[in-house]
Amino acid sequence: MKAFSFRLESLLQLREASREKALVGYAKSINARQKIEVELNDLNEVLTKLHKDITMQRTSSLEGFTDQSFQNSMDSTKQQILNFHGKLEDAKKIELSKKKIFLAADGSFQSILRLKDKQSTAHLSSQLKKEERELDDIISSRFVSQNLSAIKK
């Protein structure tokens, strides 16, 4: 049986490398988004802690100097939270674009892989049919030669 040879093997390897590269980029974008989400959650916890500290300070006695420093801290934290919301939205957009790139690369790779499988199946089928025909020819020729030798006797 003749061995199967896929003529587009190099293209398949290139598409697979492209797919892997796109997958790495997508994974990095997910990781970056998750880091931003963690930092945003940390900032929200800091803001909650500041609210609790202010509440506790106001129950006892709160001086103007302390109140101003708490207020500055809250304003700074709120501004950081707003900045991180913007970063998070940007990270989500980047993640979505990287996902689209990965899906396109994966689809391209899968189409070449399906073509290879289809051609491999067709090759195997044609080789099996060819072997069957050859066996039939051998059997037929033996049968004919046996009949001829029987007739000559």
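Calculation notes
- One numbering rule holds for all chains: residues counted from 1, following each sequence as written.
- The model is predicted, so local features are restricted to residues of pLDDT at least 70 and side-chain atom pairs to those at 80 or more, both for listing and for counting; the totals for chains, interfaces and linings are taken over all residues.
- Only hydrogens and water are set aside when side-chain values are computed; all heavy atoms of the structure are taken into account.
- Salt bridges are identified by distance alone: a Lys or Arg side-chain nitrogen within 4 Å of an Asp or Glu carboxyl oxygen.
- Per the convention used, a helix needs a DSSP run of H or I reaching at least four residues, while a strand needs a run of E reaching at least two, with both numbered from the N terminus.
- Throughout this description, buried means an accessible area under 20% of the type-specific maximum (1.4 Å probe, protein chains only), exposed means over 50%, and partly exposed covers the range between.
- In this analysis, two residues are considered to be in contact whenever any of their non-hydrogen atoms come within 4.5 Å of each other.
- In summary, the pairing rule links any two rings of Phe, Tyr or Trp, Trp by its six-membered ring, whose centres are within 6.5 Å, and it sorts them by plane angle into stacked for under 30 degrees, edge-to-face for over 60 and tilted for everything else.
- When the NZ atom of lysine or the CZ atom of arginine is within 6 Å of a ring's centre and also within 35 degrees of its normal, the charge is said to sit over that ring.

Caption draft 1: The arrangement of the pattern of salt bridges in detail. Using the criterion set out here, one finds six salt bridges in the structure. Close ionic contact of Glu 95 with Arg 33 constitutes a salt bridge, the shortest N to O distance being 2.3 Å. Within this pair, whereas Glu 95 is found in helix α2 (residues 64-152), its partner Arg 33 is found in helix α1 (residues 9-60), the two being separated by 62 residues in sequence. What makes Arg 33 buried here is its relative accessible area of 15%. A network of salt bridges, in which partner residues are shared, links Arg 19, Glu 20 and Asp 106.

Caption draft 2: Quick look at the side chain of Ser 29. Counting through the fold element by element, Ser 29 comes out in helix α1. Setting aside residues no more than four positions away along its own chain, Ser 29 makes contact with Ile 94, Glu 95 and Lys 98.

Caption draft 3: Spatial organisation of the packing of aromatic side chains. Overall, the coordinates contain two aromatic pairs when judged by the stated rule. Between Tyr 26 and Phe 102, the ring centres sit 6.2 Å apart and the planes meet at 10°, which makes this aromatic pair stacked. Remark: Phe 102 occurs in helix α2 and Tyr 26 occurs in helix α1; sequence separation between them is 76 residues. Using a relative accessible area of 16% as the deciding quantity, one classes Tyr 26 as buried. Assessed through its relative accessible area of 12%, Phe 102 is described here as buried. In this arrangement the basic side chain of Lys 87 is found over the ring face of Phe 84, its NZ or CZ atom lying 4.6 Å from the centre.

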